[in-house]
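# Summary of the model geometry
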Amino acid sequence: MQLGRVVGRVWSTAKAESLSGHKLILVQPVKPDLTPAGRTVVCADACGAGAGELVYWCRGKESSFPFLPDEVPTDATIVGIVDEVHAC
Amino acid sequence: MQLGRVVGRVWSTAKAESLSGHKLILVQPVKPDLTPAGRTVVCADACGAGAGELVYWCRGKESSFPFLPDEVPTDATIVGIVDEVHAC
Amino acid sequence: MQLGRVVGRVWSTAKAESLSGHKLILVQPVKPDLTPAGRTVVCADACGAGAGELVYWCRGKESSFPFLPDEVPTDATIVGIVDEVHAC
Amino acid sequence: MQLGRVVGRVWSTAKAESLSGHKLILVQPVKPDLTPAGRTVVCADACGAGAGELVYWCRGKESSFPFLPDEVPTDATIVGIVDEVHAC
Amino acid sequence: MQLGRVVGRVWSTAKAESLSGHKLILVQPVKPDLTPAGRTVVCADACGAGAGELVYWCRGKESSFPFLPDEVPTDATIVGIVDEVHAC
């Protein structure tokens, strides 16, 4: 998974039917020191992330697992909200 | 998913049989400020996107979900048309 | 999918059994203006592409769909030959 | 798979239900000479890796195989601890 | 698939149970002119590749197909040994 920051939302009326009811969240990937790294991603949300929160998100087919048995056509989903990043 | 702009079409007669009847759309990925970012992608279309429209598209196996039960050999599909991108 | 140009072939005797009988084609990814972009890829072929032809190819598990019910271990397959790229 | 070094942990209370009970580990990808290469990744763990250990990790849907029959929404999992890297 | 050169091995005692018995090979991706390109990858092996050999390897879930019905958690597998690369 990747660390990221919630930086916005995407509004969309016309979409694949199986995406209906899914909120689309704009995530800026970040490094462990929380500085931005790379292009923003449009994510589905499996854990109710709010504006500005630090999250981790999952790519690929497994990003649709939280929505099973629905086959949601998402390739990026927020799967957790970060409490703390702890270096070792 | 990624944000992108519809910038063209690809015409093709000889193709994998399971792609028959699918329109192929050229998408330029864009950043949230809508400037281009990276290489164009040839996408299938699950929502009737038109020339110049701002869309979001999905990669990987899950990009074939909108066409189930057909097993369409696409790795990039437009799954929604953007009404608005809202930063937070 | 990505646009690409057929630039060569790879010959191989020792290979995974499920790849037997599959021609391996060297594809140079190209941009819509048909200039090269990025590293060449070794592709399986689902549509009989010939030397020098402009094609589009598919990545990931869905690149094995044209060969179902065989589970061919390919992650890149040519799924169409391009007649024309039309900007809009 | 990729080589990497365990460099931290991510603590998270709110997460996708199917991730419950999974420790989240921060991995820095490394080159064979063990110098850092690229962005850190948040991994699930299938082999009990400890702080500072050299590991290899797997991406994509197959990174959820060690947890079957659970469909864990992870796209990166540590699948082994490295004893030695031997050049040839 | 990608072209690559076998450049080493990875030894590992503690690993995901489903990886037991699989040799782990260090592959340096190469361009068609056989010069190195990009980061080395840790691959499983489906065709008995030896030190220094030129191979092609497959990424993603389909890299586990050669080991079916086992669900091996690999995302990179050598699926063939190259006899010759022929430009056209």
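What this report covers is the structure whose coordinates are included nearby. (Residues numbered from 1 in each chain as written. Chains lettered and ligands numbered in written order. Predicted model: local features only at pLDDT ≥ 70, side-chain atom pairs only at ≥ 80, totals over all residues. Heavy atoms only, no water.)

## Some remarks on the arrangement of the chains
For the record, the criterion: Only heavy atoms matter for contacts: two residues are in contact if any of them lie within 4.5 Å across the pair.
Taking C-alpha atoms only, the smallest gap left between chain C and chain D, which are not in contact, amounts to 10 Å. Looking at chain A next to chain E, you find no contact at all, with the nearest C-alpha pair sitting 10 Å apart.

## Concerning the relation of the copies chain B and chain A
How we decide: Least squares is the method for superposing the copies, and the C-alpha atoms it fits come from residues with pLDDT of at least 70 in both.
Note on the copies: chain B fits chain A at an RMSD of 0.0 Å, the axial shift is 0.0 Å, and the rotation between them is 72°. Read as a symmetry element, the transformation amounts to a five-fold axis. Here only 4% of the contact residues of chain B are again contact residues in chain A; the copies associate through non-equivalent surfaces.

## A short note on the interface of chain B and chain A
Stated precisely, the cut-off is as follows: Put simply, buried area is how much 1.4 Å-probe accessible surface two parts lose in total, over both of them, once they are put together. Within this document, salt bridges are pairs made up of a side-chain nitrogen of Lys or Arg and a carboxyl oxygen of Asp or Glu, the two lying within 4 Å of each other. Polar contacts, as used here, are pairs of N or O atoms within 3.5 Å; protein pairs need one atom able to donate a hydrogen and one able to accept it. Residues neighboring in sequence count only if both atoms are side-chain atoms.
Counting residues at the interface gives 28 residues for chain B, matched by 31 residues for chain A. Taken together, both faces of the contact between chain B and chain A bury some 2,300 Å²; the carbon and sulfur share is 60%. Scanning the region where chain B abuts chain A turns up 0 salt bridges. The interface formed by chain B and chain A contains 13 residue pairs in polar contact (both at pLDDT 80 or more).

## A look at the relation of the copies chain A and chain D
The transformation that overlays chain A on chain D combines an axial shift of 0.0 Å with a rotation of 72°, and the residual RMSD is 0.0 Å. The fraction of interface residues of chain A whose copies in chain D are also interface residues is only 4%, indicating that the copies meet through different surfaces.

## Comments concerning the interface of chain A and chain D
What counts here: Residue polarity follows a fixed list, in which Ala, Val, Leu, Ile, Met, Phe, Trp, Tyr, Cys and Pro are nonpolar, Asp, Glu, Lys and Arg are charged, and the others, Gly among them, are polar.
On the chain D side, the residues contacting the 28 residues of chain A number 31 residues. Of the roughly 2,300 Å² buried where chain A meets chain D, counting both sides, 60% is carbon and sulfur surface. Across the chain A-chain D interface, the total number found is 0 salt bridges. Classifying every residue of the side of chain A that touches chain D by side-chain character gives 19 nonpolar, 4 polar and 5 charged.

## Some thoughts on the side chain of B:Gln2
Where we set the bar: A run of DSSP states H or I qualifies as a helix once it reaches four residues; a run of E qualifies as a strand once it reaches two. Both are numbered from the N-terminal end. Buried residues are those whose accessible area, probed at 1.4 Å on protein chains only, stays under 20% of the maximum for their type, while exposed residues exceed 50% and partly exposed ones sit between those limits.
Tracing the backbone through its elements, the reader meets B:Gln2 in strand 1 (residues 2-11). The buried category is assigned to B:Gln2, whose relative accessible area is 9%.

## Points about unusual backbone geometry
Of all residues except glycine, most have a negative phi; of all peptide bonds, most are trans. Residue C:Pro69 follows C:Leu68 across a cis peptide bond; omega there is 5°. Among the secondary structure elements, C:Pro69 is positioned in the loop between strand 4 (54-59) and strand 5 (76-81). Positioned with a positive phi, A:Leu34 is a non-glycine residue whose angle comes to about 75°. Secondary-structure assignment places A:Leu34 in the loop between strand 2 (24-29) and strand 3 (41-45). The class for A:Leu34 is partly exposed, based on a relative accessible area of 36%.

## Side note on the packing of aromatic side chains
Each aromatic ring pair is specified by the distance between its two centres and by the angle formed by the two planes. Selection rule: Under the pairing criterion, centres of Phe, Tyr and Trp rings, with the six-membered ring standing for Trp, must be within 6.5 Å; the plane angle then separates stacked pairs below 30 degrees from edge-to-face pairs above 60, leaving the rest tilted. Here, a charge over a ring means that NZ of Lys or CZ of Arg falls within 6 Å of the ring centre while also lying within 35 degrees of the ring normal.
According to the stated counting rule, one finds 0 aromatic pairs over all chains in the structure shown. It is C:Arg9 that lies over the ring of C:Trp11; its NZ or CZ is 4.1 Å from the centre.

## Quick look at the pairing of strand 1 (residues 2-11) of chain A
The criterion, for reference: In this scheme, strands are said to pair when DSSP sees at least two bridges between them.
Here 4 bridges tie strand 1 of chain A to strand 4 (residues 54-59) of chain A, and the two strands are oriented antiparallel to one another. Looking at the pairing, A:Arg5 lines up with A:Leu54 of strand 4 of chain A. The pairing of strand 1 of chain A with strand 2 of chain A spans 6 bridges and is antiparallel. Along strand 2 of chain A, the bridge assignment pairs A:Arg5 with A:Gln28. Where strand 1 of chain A lies against strand 6 (residues 84-87) of chain B, 4 bridges are found, and the strand directions are antiparallel. Residue pairing in the sheet places A:Val10 in a bridge with B:Val85 of strand 6 of chain B.

Geometric descriptors of this kind do not, in isolation, establish any biological role.
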